[in-house]
Amino acid sequence: MSLESALKEHFGFDAFKGMQREVIESLMAGKDTFAIMPTGGGKSLCYQLPALMKPGTAIIISPLIALMKNQVDSIRSYGSEDNIAHFLNSSLNKTEITQVKEDVVNGNTKMLYLAPESLNKAENLEFLKSVTISFVAVDEAHCISEWGHDFRPEYRRIKEMIKGIDQTIPVMALTATATPKVQSDIQKNLGMTDAAVYKASFNRPNLFYEVRSKSDPVKQLIRFIKENEGKSGIIYCLSRKKVEEIASTLQVNGIKALPYHAGFDANTRSRHQDNFLMEDVDVIVATIAFGMGIDKPDVRFVIHYDMPKSLEGYYQETGRAGRDGGEGKCIAFYDYKDIEKLEKFMHNKPVAEQEVGRQLLEEVVSYAETAISRRKFLLNYFGEEWDENNGEGANMDDNSVRPKEAIEFKDNMTTLFTMIDTVKQRFKSKHIVNILCGMNTSEASTYRHNKLPSFGIGKAVDPKLWMAAVRQALVQGYLYKDIENYGLLKISEKGRAFMENPPSSFVIYKDHDYSAEIEKGGEVLTNARSGGAVMDEQLMGLLKDLRKKISKEKNVPPFVVFQDPSLHDMANQYPISIDELKNIQGVGNGKALKFGKPFVELITKYVDENGIERPQDMVVKSVVNKSGRKVYIIQSIDRKIPLEDIAKAKGMQFDELLEELEHIVDSGTRVNIDYYIDDVVDEDRLDEVYEYFMEADSPDIDDALEELGNDDYTTEELRLIRIKFMSEVAN
Ligand code: ADP
Ligand code: MG
């Protein structure tokens, strides 16, 4: 039977996708085969079809039990007999294991999925030796390499096990990410250095890459999501805590978002995932636990709130955007401080692992700071050449859209290459830059590089610029990093040609300096803010007039309607709906509903008539840790618990409790503390203070004290009464 008809018969597909045919032919011919194809490229079929066609059972090694189960379910769904595919792992009981083995022995099972741990078990090995194996496929093969983003030590022993079963069975490896370093690790480790390698392009031309300085990231995030309302997106954070925090912040800011991380139980996780797939929520905030095996074609943005630990991880995660070929924005928030934090976390790991981790982080930093096309940088990282002028996806990243100033660097390039040669191509970029700049580091003196005649020859140039030059030389192929000793800079043939016969001009681009941007508040933000950072005096005047009018109508003092800071904020943010109004400082739900309507009407009219461009980012409401506390306080007051006890239960001073209560009522929530006030304040005094506030010009306690006479009232008393007053009259 031809491959095509087998494809049609078993899977119902009319044609092979990408390199599937070549890969399958290679395996069918009994060759070791290595397939590197992007996620969604159809790797599974590359072993499923041969497994169905070849005599015997194929062993498929896969890292996750969940993935295995999905795979097996999906093969069975093609209408074959259920025992055509099985998995053997720790989730099965004895009876089930016996059944699986029986099916394999009888030749019914064409695919047996195994976790590498199971392959290590002596009883399983003995069993596999006794049956006919068609080939072994190692899926997610990057797990073999500690330079991959998902290293699993158990993967290291796969070769030993396979050889233990049979020296001659063909081996297939499959992965969706492999840098040249990881690729070489995989081949060596599986003993398949002369495998036929099929590598598809990793380029995703429809994705747009951008790195932003991590200044006021929550605000940037909310603004971006609001500008992209109704679109699906994923936000990645590194910690579970951050995931939950960001998800709640998005929720209180009116965004339909849910958190997802491995700390939730399976039910919650699958519910949140379904909500996302069914578009009940727009945004999932997740750790990297989210995404494996999810296949939503129209994810329109992937935002890395925290920088990932490696570019491979980054590429996998961004790869979940725009699977349908439509829009896919990939934005990463970068702050070098985050990188330092990640480095700190590695301190208690074995030294070798730390070294790997640091190098991977260094690549992340290079990516973030580089001023060259991000697509070019990423593809180069995966060993692919790409032309930034004519390649598919040109001009689809921030650096290409907003190029930085070019600096002539021809002579310096020669100096750089010569220095790399002088130290025999045995050092990493940092050291090279250090000795170029004449830095007396311990490494420089250990190797006596501080005695070199050319030590410090490049002092006049900023070390950062040297570093940028190294990165650009790497991406353009003048330099490369040694595969065996990852990170050591070597000069390529192209680099040699440059040294012998330098071009007439060679320009480089200065890297981004995000820390400076973060200090001045962020480029992106300042631009957007210039529209409305200063208060609109004219509008403020109108708002005050309106407040006066309303206060007369309702016969309450103006501050009861809205306090000054709220009006200021309105004259800055221009809220034009009740929902937006709720985002204004000191305006809660109750207040917005009670007094809001005429205000938003006035602002809407004002915005229209004056052609105001409103800042798209509303004030970000934060879920301070206090919000749980607020809820507790409100509930306790409902249950008439004495205020002292509430304070005690939450570890607060009485003062702090009053402050919290003031916040609560000032933003429009009603609380009834009569049960408490009646006990501690005399009725006449209560009436006197109440009346005072009714007539007062300001809600200020000090003013009240003065007016009412310092001796008679305590601050505490006045505050309590004011809380009652605001609650009853203003809310
Ligand atoms: P990968 O493992 O490379 O991420 P999968 O093996 O999960 O990708 O396949 C992705 C999708 O592509 C699956 O839905 C699969 O059914 C589909 N697919 C694979 N091969 C073909 C083909 N030749 N024609 C059409 N669809 C295919
Ligand atoms: Mg796969």
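Residues numbered from 1 in each chain as written. Chains lettered and ligands numbered in written order. Predicted model: local features only at pLDDT ≥ 70, side-chain atom pairs only at ≥ 80, totals over all residues. Heavy atoms only, no water.

Examining the domain arrangement of the protein
Thought 1: As far as domains go, the protein holds domain 1 (3–199), domain 2 (207–401), domain 3 (410–505), domain 4 (528–609) and domain 5 (628–730).
Thought 2: Computed from C-alpha atoms alone, the centre-to-centre distance between domain 1 and domain 3 is 43 Å. (Domains from an automatic or database assignment.)

A few points about the sheet that holds strand 8 (residues 207–213)
Thought 1: Taken in spatial order, the 6 strands of this open sheet run 8-13-12-9-11-10, and their pairing is parallel. The open sheet has two free edges, formed respectively by strand 8 and strand 10 (257–260), since each of these has just one partner strand. The mean inter-strand angle of the sheet, taken between neighbouring strand axes irrespective of direction, is 15 degrees.
Thought 2: Where strand 9 (residues 232–236) meets strand 12 (residues 299–304), 5 bridges bridge the pair, whose relative direction is parallel. Pairing of Tyr236 across the sheet is with His304, part of strand 12.
Thought 3: Lying over the sheet, helix 11 (residues 240–252) contacts strand 10 and strand 11 (283–286), oriented at roughly 170 degrees with respect to strand 10.
Thought 4: Those strands touched by helix 13 (residues 311–318) are strand 8, strand 9, strand 12 and strand 13 (328–334), and its axis lies near 155 degrees from that of strand 12. (Pairing = 2+ DSSP bridges. Helix = DSSP H or I, 4+ residues; strand = E, 2+ residues; numbered from the N terminus. Axes fitted to C-alpha atoms, helices over the stretch in contact; angles between N-to-C directions. Contact = heavy atoms within 4.5 Å.)

Concerning the sheet that holds strand 1 (residues 33–36)
Thought 1: If you walk across this open sheet you meet the 7 strands as 3-4-2-5-6-1-7, and the pairing is parallel. Unpaired on one side and paired on the other, strand 3 (85–88) and strand 7 (196–199) mark the two borders of the sheet. Sheet twist, expressed as the mean angle between neighbouring strand axes with direction ignored, is 20 degrees.
Thought 2: Packing of helix 4 (residues 65–76) onto the sheet brings it into contact with strand 3 and strand 4 (111–114), and relative to strand 3 it is tilted by some 165 degrees.
Thought 3: Across the sheet, helix 5 (residues 94–105) touches strand 2 (57–61), strand 3 and strand 4, and the angle it forms with strand 3 is around 135 degrees.

Some thoughts on the site of ligand 1
Thought 1: Taken together, 14 residues lie around ligand 1, and Ala15, Gln20, Gly40, Lys43 and Ser44 are the ones closest in.
Thought 2: Ser44 places a polar side-chain atom, nitrogen or oxygen, 2.5 Å from an oxygen atom of ligand 1.
Thought 3: The fraction of the free accessible surface of ligand 1 (570 Å²) that becomes covered by protein chains is 68%.
Thought 4: By residue number, the principal contributor to the shell around ligand 1 is helix 3 (residues 43–53), which donates 3 residues.
Thought 5: Looking at the shell around ligand 1 residue by residue, the class counts come to 6 nonpolar, 6 polar and 2 charged. (Near = heavy atom within 4 Å. Polar contact = N/O pair within 3.5 Å; in protein donor to acceptor, adjacent residues only side chain to side chain. Areas by Shrake-Rupley, 256 points an atom, 1.4 Å probe, with all protein chains shown as cover. Nonpolar A, V, L, I, M, F, W, Y, C, P; charged D, E, K, R; others polar.)

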